[in-house]
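Understanding the architecture of this molecule
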Amino acid sequence: MAEFSQKRGKQHGGEGLGSAVDFLLANARLVLGVSGAAVLGIATLAVKRLIDRATSPRDEDDTKGDGWKELSLLKATPHQQPRPPPVALNQPISPQVPSSSSPVSSTDTSPQTPAQLSSPAPLCLTLQEKLLAFERDHVVIPAAQVALAKQLAGDIALELQAYLRNKFPELPFGALVPGGPLYDGLQAGAAEHVRLLVPVVLEPGLWSLVPGVDTVARDPRCWAVRRTQLEFCPRGSSPWDRFLVGGYFSSRVLLELLRKALVASVNWPAIGGLLGCLIRPSVASEELLLEVQHERLELTVAVLVAVPGASANDHLLLAWPLQGLAGNLWLQDLYPVEAARLRALDDQDAGTRRRLLLLLCAVCHGHPALGQLRRDHLTQVVLHLGEEETNWAEEVLGERFLQALELLVSSLEQSSLPCHFNPSVNLLGSFREEEIDDIGYVLYSGLQAPEELL
């Protein structure tokens, strides 16, 4: 209804203005003549259209039509070229290059600029060269960061040792010793944890070791620490008797005590402020982890409660969050002997076994499907190849890399990767079939195109 009233108002306004124009034109013929009246009529009509356009609202269609017309006019308007700056008198004036908007005459005989030659294709790098570049970019850690990480780990060890002696003076903990891949030259990037060993000093003659296969857990990875001489030294004679479960030293009970202390009792903000960093215990992890944030680096410190020199081969036994029947047992830690063996092999022939291990660790850490392959899995592969192959010069590093992938694929096909120092332990025994298939597919594809893994 409103639109209809608006149109009618426009019609009435047009009729009134038209009658006024007719009156003026009729009188103009008498005074100005025919030609003068015609000129006056054209001017009057132009004024009428301007008044009508200014006073009446425009329709949406008219607005759109005027809009694209105005844009076309703006596009058609030639842009004025800026004037070139004045040149020196002793410089020749170069002819102006016609703009792209101006038409080019067909008779223009100016020489055409030759097309630029495309840049040559990059040279194809060999696998050996790509491995060395990957090692330089993703494996090697600057010496300054290594020194700073060692300093922070050593300071945290001293602070934590002082806390344990004050909090549990009755428990004979040994000196806390930081170590691990960072100290052995086996750190691949920033993904590895700094190991902080908390030794448990056991009284000689009161404890004996039982292999895990001889316990109800039947786990060859573990050992049980049994309390002995109870008839001569009754329960309570040793400060560690408070952690006994069924006559065995329970690693789980000791871990729970230390976890509560590290999370709730230690004043980490004060220690971090003293050391110039931020230290926070990891609450989500079952391991005893400390997350350290410094302005120059970030690292994770793994607090490992250990029974050193517990077995005949001087292997470490760690208090580890094991599941099921093995929950109270101690996990045998083979990292020290594996690292020592790799170092001895490389020292004999100046080989690259440890460099190959670092490359494999960096590749697996950076690939989402290979993240479940830990350092202990890859170490067994390198140890197997290290004692089988004789040539470990840098020139054959790419060949050894492919051999390691082939050995991993073969082990996954058989779902078996025996531990080098304990062949009864299958390091792939905890993997599900789907996980083995996913890892095997990625490694098999990597054999076809190894550069895709880098």
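Just above sits the structure.
Since this is a predicted model, take the numbers as computed values, not measurements. (Residues numbered from 1 in each chain as written. Predicted model: local features only at pLDDT ≥ 70, side-chain atom pairs only at ≥ 80, totals over all residues. Heavy atoms only, no water.)

1. Focus on the packing of helix H3 (residues 127-139) against helix H9 (residues 353-366)
Relative orientation of the contacting elements H3 and H9 amounts to 70 degrees, with a least axis distance of 10 Å. With respect to their mutual orientation, H3 and H9 come out roughly perpendicular. As H3 packs across H9, the resulting crossing turns out to be left-handed. Facing H3, whose interface residues are Leu131, Leu132, Phe134, Glu135, His138 and Val139, H9 presents Arg355, Leu358, Leu359, Ala362 and Val363. (Axes fitted to C-alpha atoms, helices over the stretch in contact; angles between N-to-C directions. Helix = DSSP H or I, 4+ residues; strand = E, 2+ residues; numbered from the N terminus. Parallel < 35°, antiparallel > 145°, perpendicular 65-115°, else oblique. Left-handed = near helix turned anticlockwise from the far one by under 90°. Contact = heavy atoms within 4.5 Å.)

2. Some remarks on the packing of aromatic side chains
By the definition in use, this model includes six aromatic pairs. Seen from their ring centres, tryptophan 207 and phenylalanine 249 are 5.6 Å apart, and the 40 degrees between their planes marks the pair as tilted. Highlighted residues: tryptophan 207 in strand S3 (residues 207-211) and phenylalanine 249 in strand S6 (residues 248-249), separated in sequence by 42 residues. The same class applies to tryptophan 207 and to phenylalanine 249, which are both buried. (Phe/Tyr/Trp six-rings, centres within 6.5 Å; stacked < 30°, edge-to-face > 60°. Buried < 20%, exposed > 50% of the residue type's maximum accessible area, 1.4 Å probe, protein only.)

3. Notes on the side chain of threonine 379
Counting through the fold element by element, threonine 379 comes out in helix H10 (residues 375-388). For threonine 379, a relative accessible area of 4% gives the class buried. Setting aside residues up to four positions removed in sequence, threonine 379 forms contacts with Glu338, Leu342 and Leu357.

4. Comments concerning H9
Along its 14 residues, H9 runs 20 Å from first to last C-alpha, staying within 8% of the 20 Å computed at 1.5 Å per residue. Counting buried positions over the 14 residues of H9 gives ten, a clear majority of the element. Among all positions in H9, only Arg353, Leu356, Leu357, Leu358, Leu359, Leu360, Cys361, Ala362, Val363 and Cys364 are buried. Tucked into the core, H9 has its buried residues touching H3, helix H8 (335-349), H10 and helix H11 (397-414). (Expected span 1.5 Å × (residues − 1).)

5. A word on unusual backbone geometry
With a phi angle near 55 degrees, glutamine 229 is a residue other than glycine that sits in the positive phi range. Its place among the elements puts glutamine 229 in the loop between strand S4 (222-227) and strand S5 (244-245). With a relative accessible area of 35%, glutamine 229 lands in the partly exposed category. Phi angles above zero are rare outside glycine, and alanine 350 is one such case at about 50 degrees. Overall, alanine 350 belongs to the exposed group, its relative accessible area being 66%.

6. As for the pairing of strand S8 (residues 289-293)
Where strand S7 (residues 278-281) meets S8, four bridges bridge the pair, whose relative direction is antiparallel. By the bridge assignment, arginine 280 is partnered in S8 with glutamate 291. Sheet analysis places S8 next to strand S9 (residues 298-307), joined by five bridges and oriented antiparallel. Paired with leucine 290 across the strands is valine 301, a residue of S9. Between S8 and S9, which pair antiparallel one after the other, the connecting turn spans four residues. (Pairing = 2+ DSSP bridges.)

7. Remarks on the pairing of strand S11 (residues 330-333)
A regular strand places its side chains so that they alternate between the two faces of the sheet. Taken together, the two bridges between S4 and S11 define a ladder with antiparallel strand orientation. Directly across from tryptophan 223, in S11, lies its bridge partner tryptophan 330. The pairing of strand S10 (residues 316-318) with S11 spans three bridges and is classified as antiparallel. Across the sheet, the residue bridging to leucine 316 is aspartate 333, located in S11.

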